[in-house]
Amino acid sequence: MRLVDDGDPSGLAAIEQLNPHTGRAYVLGVTGNPGSGKSTLVDGLIRQLRTRGESVGVVAIDPTSPFSGGAILGDRVRMADHALDEGVYIRSVATRGNLGGISRSTPAILHVLDAMGFDWLIVETVGVGQDEVDIAAFADTCVVVTVPGLGDEVQASKAGILEVADVFVVNKADRPGADRLVRELSQMLDLDDNHLRWRPPIVRTIATSNDGLGELLGEVERHRAEAGADLDARRHRRNRHLTRLLALGEAARRIDEYLAGDGWQALDDQIAAGTLSPFAAAFSVLGDIDFS
């Protein structure tokens, strides 16, 4: 996992060796607004699954430290109760500037955890808001966590993230505004024809006291059972998206290497002199890099 997170080329060989041992784990994505209680919710779900004797691997996507470039380990600290449980493995990774709420290394880390034999893989995104939709490409079931008290409660869910939800959670449901939030989410689902086959349920939780977590896991299991026919199609879409994301990540790595080398200096001088535009320079960079 460290090799692939650091972008070490030797990590790819290891991933290829592990590939025949993957495909058994069920991937649960947990996404939502910052401060919605995602980490506490995941902590409670781990307890629920461990009570049933199932093993859990967690990838917690954290913000990138401006000093070290690594992950700020807030999520893993909040899940410290599971540190000595051999049936639980928690890995924090940094976004490192990647949009969509995930890290570029997330697919490879999930690959490793899957090969390790975990029954469940939970991906908790960083909590970036409207653009946090990449998780839909990885998860077999996607849980979107909302919380009352944000003013326009569903505003952060309207652009993109609403469409990725298989299950909605209204966390901190003891707060004022919870009934209104449930009602608004229900009304938005009424207007969405995309949910004709599966209408995402809305589950109220208070994660700090474990209220509603059993019901949440039950709805995840119901989606897992009822979405069986669509699961293969979803996984095919996921493979395409993962391939695209990984290809973009490798291309970005090679471009960064080029821009750190001597070839960039000549282009930079031309841009500064006004004889070359940055747009033309971008195509020149692409032409100079061997992507084979």
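Located above this text is the structure these notes cover.
All figures in this text were calculated on a predicted structure; none of them were measured in a lab.

Examining the overall build of the protein
Logical step 1: When helices and strands are tallied, the protein shows 11 helices and seven strands.
Logical step 2: Across the 292 residues of the protein, 46% fall into the buried class.
Logical step 3: Looking at the protein as shown, the accessible area adds up to about 14,500 Å², and 53% of this sits on carbon and sulfur atoms.

Some points on the pairing of strand 1 (residues 26-32)
Along any regular strand the residues' side chains alternate between the sheet's two faces.
Logical step 1: In terms of burial, strand 1 is a largely internal element, seven of the seven residues being buried.
Logical step 2: Burial along strand 1 is two-sided: the face carrying Tyr26, Leu28, Val30 and Gly32 and the face carrying Val27, Gly29 and Thr31 are both buried.
Logical step 3: As defined by bridge partners, strand 1 adjoins strand 4 (residues 120-124) across five bridges and the pair is classed as parallel. Its bridge partner lying in strand 4, Val27 is registered against Leu121.
Logical step 4: Direction of pairing for strand 1 relative to strand 5 (residues 141-146): parallel, over a ladder of five bridges. Residue pairing across strands places Thr31 opposite Val144, the latter belonging to strand 5.

Some words on the pattern of salt bridges
Logical step 1: Per the stated rule, a full pass over the model turns up 13 salt bridges.
Logical step 2: Note that Asp85 and Arg50 form a salt bridge whose closest N and O atoms lie 2.9 Å from each other. With a gap of 35 residues between them, Asp85 in the loop between helix 4 (74-78) and strand 3 (88-94) and Arg50 in helix 3 (residues 38-51) connect regions that are remote in the sequence.
Logical step 3: Judged by relative accessible area, which is 24%, Asp85 ranks as partly exposed.
Logical step 4: On the basis of relative accessibility, which here comes to 26%, the residue Arg50 falls in the partly exposed class.
Logical step 5: Note that Arg52 is salt-bridged to Glu221, the shortest N-O span being 2.4 Å. With Arg52 in the loop between helix 3 and strand 2 (56-62) and Glu221 in helix 8 (residues 213-226), the pair connects residues that are 169 residues apart, well separated along the chain.
Logical step 6: For Arg52, a relative accessible area of 39% corresponds to the partly exposed category.

Considering helix 8
Logical step 1: Relative to the 20 Å expected for 14 residues at 1.5 Å per residue, helix 8 spans 20 Å between its end C-alpha atoms, a close match to the ideal helical length.
Logical step 2: Along helix 8, the residues classified as buried are Leu213, Leu216, Leu217, Glu219, Val220 and His223. Viewed along the axis of helix 8, the buried residues span an arc of 155 degrees, placing them on a single side of the element. Along helix 8, the residues that are exposed and aim more than 90 degrees away from the buried face are Ala225 and Glu226.

Some thoughts on the nonpolar core
Logical step 1: Core analysis: the largest hydrophobic core is formed by 32 residues, its most contacted members being Val59 and Leu121.
Logical step 2: Beyond its immediate sequence surroundings of up to four residues, Leu121 is in contact with Ala25, Tyr26, Val27, Leu28, Gly57, Leu110, Leu113 and Asp114.
Logical step 3: By size, the runner-up hydrophobic cluster in this structure holds 25 residues, among which are Leu45, Val145, Val169 and Leu217.

Section: the packing of aromatic side chains
Logical step 1: Applying the stated criterion to the full structure yields one aromatic pair.
Logical step 2: A centroid spacing of 5.5 Å and a plane angle of 70 degrees characterise the contact between Tyr26 and Trp120, whose relative ring orientation is edge-to-face. Of the two residues, Tyr26 is situated in strand 1 and Trp120 in strand 4; the sequence distance between them amounts to 94 residues.
Logical step 3: Using a relative accessible area of 2% as the deciding quantity, one classes Tyr26 as buried.
Logical step 4: A cation over an aromatic ring shows up here: Arg224 above the ring of Trp120, its NZ or CZ 5.3 Å from the ring centre.

Considering the environment of Ala60
Logical step 1: Mapped onto the secondary structure, Ala60 falls in strand 2.
Logical step 2: Once the C-alpha coordinates of Ala60 and Arg91 are considered, the two residues, 31 residues apart in sequence, prove to be 6.1 Å apart.

Some details on a nonpolar patch on the surface
Logical step 1: Side chains of Phe283, Leu286 and Phe291 sit close together on the surface and give an oily, nonpolar patch of about 330 Å² of accessible area.
Logical step 2: Mapped onto the secondary structure, Phe291 falls in the segment after helix 11 (278-288).

So, unusual backbone geometry
Logical step 1: With phi around 55 degrees, Lys172 is a residue other than glycine that occupies positive phi space.
Logical step 2: As for its placement among the helices and strands, Lys172 is situated in the loop between strand 6 (167-170) and helix 7 (178-190).
Logical step 3: Positioned with a positive phi, Asn210 is a non-glycine residue whose angle comes to about 65 degrees.
Logical step 4: Mapped onto the fold, Asn210 is located in the loop between strand 7 (202-204) and helix 8.

Rules used throughout
- Chains are numbered independently. Their residues run from 1 in the order of the written sequence.
- A pLDDT threshold of at least 70 governs which residues receive local features in this predicted model, and a stricter bar of 80 or more applies before side-chain atom pairs are shown or counted, although totals over entire chains, interfaces and linings include all residues.
- Side-chain metrics in this entry use all non-hydrogen atoms of the structure; hydrogen atoms and water are not considered.
- A run of DSSP states H or I qualifies as a helix once it reaches four residues; a run of E qualifies as a strand once it reaches two. Both are numbered from the N-terminal end.
- Each residue's exposure class comes from its accessible area (1.4 Å probe, protein chains only) as a fraction of the maximum for that residue type: buried when under 20%, exposed when over 50%, partly exposed otherwise.
- To measure how exposed things are, a 1.4 Å probe is used in the Shrake-Rupley method; for residues, cover is taken only from the protein chains shown.
- Being paired, for any two strands, means DSSP has found at least two bridges between them.
- By convention in these notes, a salt bridge is any Lys or Arg side-chain nitrogen within 4 Å of a carboxyl oxygen on Asp or Glu.
- Helix span, expected: 1.5 Å multiplied by one less than the number of residues in the helix.
- What the arc covers is the set of directions going from the helix axis to the C-beta atoms.
- Throughout this description, the term nonpolar core refers to a set of buried Ala, Val, Leu, Ile, Met, Phe, Trp, Tyr and Cys residues connected via side-chain atoms within 4.5 Å.
- Contact definition: two residues touch when any of their heavy atoms are within 4.5 Å.
- Pairing of aromatic rings covers Phe, Tyr and the six-membered ring of Trp, with a centre-to-centre limit of 6.5 Å; geometry is then stacked below 30 degrees between planes, edge-to-face above 60, and tilted otherwise.
- Only when the NZ of Lys or the CZ of Arg is both within 6 Å of the ring centre and within 35 degrees of the ring normal is a charge said to sit over the ring.
- Surface patches are defined over residues having more than 30% relative accessible area and no salt bridge, joining like charges when they lie within 9 Å and nonpolar side chains (Val, Leu, Ile, Met, Phe, Trp, Tyr) when within 5 Å.

Function-wise, these values are silent; they only describe arrangement.
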